Amino acid sequence: MKKILILFAHPAFHKSLINKTLMEAIKDLDGVTVNNLYEKYPDFFIDVPVEQKLLTQHDIIIWQHPFYWYSAPAIIKEWMDLVLQHGFAYGTHGRALEGKWAMSCISTGGRKEVYSAEGKNRYTINQFLAPFIQSASLCRMENLPPFVVHGSHTLSRDDIKKFADDYRKVITLLRDNQIDSEQLNTMEYMNEIIKHDA
């Protein structure tokens, strides 16, 4: 069984039905640790040794957050700047994260079709997530395709429940090592896993 660390950041969590529902869906899973950064560090004074120890104790690292201005809330950047230190996460001797898996779970206000070369936002989700993808690569981690909830402001409660069920299934499959990281090179494959896995 793989151990999963969810680095969660939402500065207005009380207003986010989608993120509340996603978190409710996975909070009772064995082997899953939720690290709520805004709750833990309201002053932004991040305890670097504590965070680095958490990273070494887990196999899969998930950045979960709303997609703010085509990126992440500020505390995620602060966390990355401070915690992913040279000599720990990268560099000749920085191999603490080598071989671990990294993944993003994001919610967007925009619908899926606006995240394309032809859409209003002009770029795909993966293009916007390039800093996360490259950071994982620099740390010698394997990057998994993102779990994305598009159009979160327009979803019905039934839609939100389905996304939460899907998220729980993905996290469970990852934890139980039932997904081969080499096969996870497209979101379409992830969707097929969600739909058809027992």
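Refer to the structure printed above.
My aim in this report is to walk through the structure given alongside it, one point at a time.

Thresholds, definitions, all that
- Counting starts from 1 at the beginning of each chain's written sequence and moves along it residue by residue.
- A pLDDT threshold of at least 70 governs which residues receive local features in this predicted model, and a stricter bar of 80 or more applies before side-chain atom pairs are shown or counted, although totals over entire chains, interfaces and linings include all residues.
- The side-chain quantities take in all heavy atoms of the structure and omit both hydrogens and water.
- Each helix corresponds to a stretch of at least 4 residues labelled H or I by DSSP, and each strand to a stretch of at least 2 residues labelled E; elements are numbered beginning at the N terminus.
- Only protein chains enter the area calculation, which uses a 1.4 Å probe; residues under 20% of their type maximum are buried, those over 50% are exposed, and those in between are partly exposed.
- Whether two residues are in contact is decided by their heavy atoms, any of which lying within 4.5 Å being enough.
- In this scheme Phe, Tyr and Trp rings, the latter by its six-membered ring, pair at centre separations within 6.5 Å, and the angle between planes marks the pair as stacked below 30 degrees, edge-to-face above 60, and tilted otherwise.
- Whether a charge lies above a ring is judged from NZ of Lys or CZ of Arg, which has to be within 6 Å of the ring centre and within 35 degrees of the ring normal.
- In this analysis, axes come from line fits to C-alpha atoms, helices being fitted only over the stretch in contact, and the angle between any two N-to-C directions falls in the range 0 to 180 degrees.
- An angle below 35 degrees is treated as roughly parallel, one above 145 as roughly antiparallel, one from 65 to 115 as roughly perpendicular, and anything else as oblique.
- Less than a right angle of anticlockwise turn of the near helix away from the far helix marks a crossing as left-handed, whereas a clockwise turn marks it as right-handed.
- Gly is put with the polar residues, along with every residue not named as nonpolar or charged; the nonpolar set is Ala, Val, Leu, Ile, Met, Phe, Trp, Tyr, Cys and Pro, and the charged set is Asp, Glu, Lys and Arg.

### What about the side chain of N121?
So, point 1. Structurally, N121 can be placed in the loop between β4 (101–107) and α5 (125–128).
So, point 2. Since its relative accessible area comes to 10%, N121 is described here as buried.
So, point 3. Here N121 is in contact with Y70, V114, Y115, S116 and F128, once residues within four sequence places are set aside.

### Examining the packing of aromatic side chains
So, point 1. For the coordinates displayed, the defined rule picks out eight aromatic pairs.
So, point 2. Judged by centre distance (5.9 Å) and plane angle (75°), the rings of F67 and F128 are edge-to-face. Of this pair, F67 sits in the loop between β3 (60–66) and α4 (74–83) while F128 sits in helix α5; the two residues are 61 residues apart in sequence, bridging distant segments of the chain. Grouping residues by exposure puts F67 and F128 together as buried.
So, point 3. Taken together, a centroid distance of 5.0 Å and an interplanar angle of 40° make the contact between F147 and Y167 tilted. Within this pair, whereas F147 is found in strand β6 (residues 147–149), its partner Y167 is found in helix α7 (residues 157–175), the two being separated by 20 residues in sequence.
So, point 4. Exposure remark for F147: the relative accessible area of 2% places this residue in the buried category.
So, point 5. On the accessibility criterion, Y167 (0% relative accessible area) is buried.
So, point 6. One Lys or Arg, K2, reaches over the ring of W101 and ends 4.7 Å from the middle of that ring.

### Let's talk about the environment of A74
So, point 1. By secondary structure assignment, the location of A74 is in helix α4.
So, point 2. Of the residues examined, A74 reaches a relative accessible area of 48% and is grouped as partly exposed.
So, point 3. Distance in space between the C-alpha atoms of A74 and K162 is 29 Å, their sequence separation being 88 residues.
So, point 4. Beyond its immediate stretch of four places on either side in the chain, A74 contacts Y38 and F44.

### Notes on the packing of helix α1 (residues 17–26) against α7
So, point 1. Here α1 crosses α7 at 40°, and the two axes come no closer than 8 Å. Here α1 lies oblique to α7, going by the angle between them. For the crossing formed where α1 meets α7, the hand is right-handed. Contacts from L17, I18, T21, L22, A25 and I26 of α1 reach α7 at R157, I160, F163, A164, Y167, R168 and I171.
So, point 2. Its residues placed into classes, the contact of α1 with α7 shows ten nonpolar, one polar and two charged.

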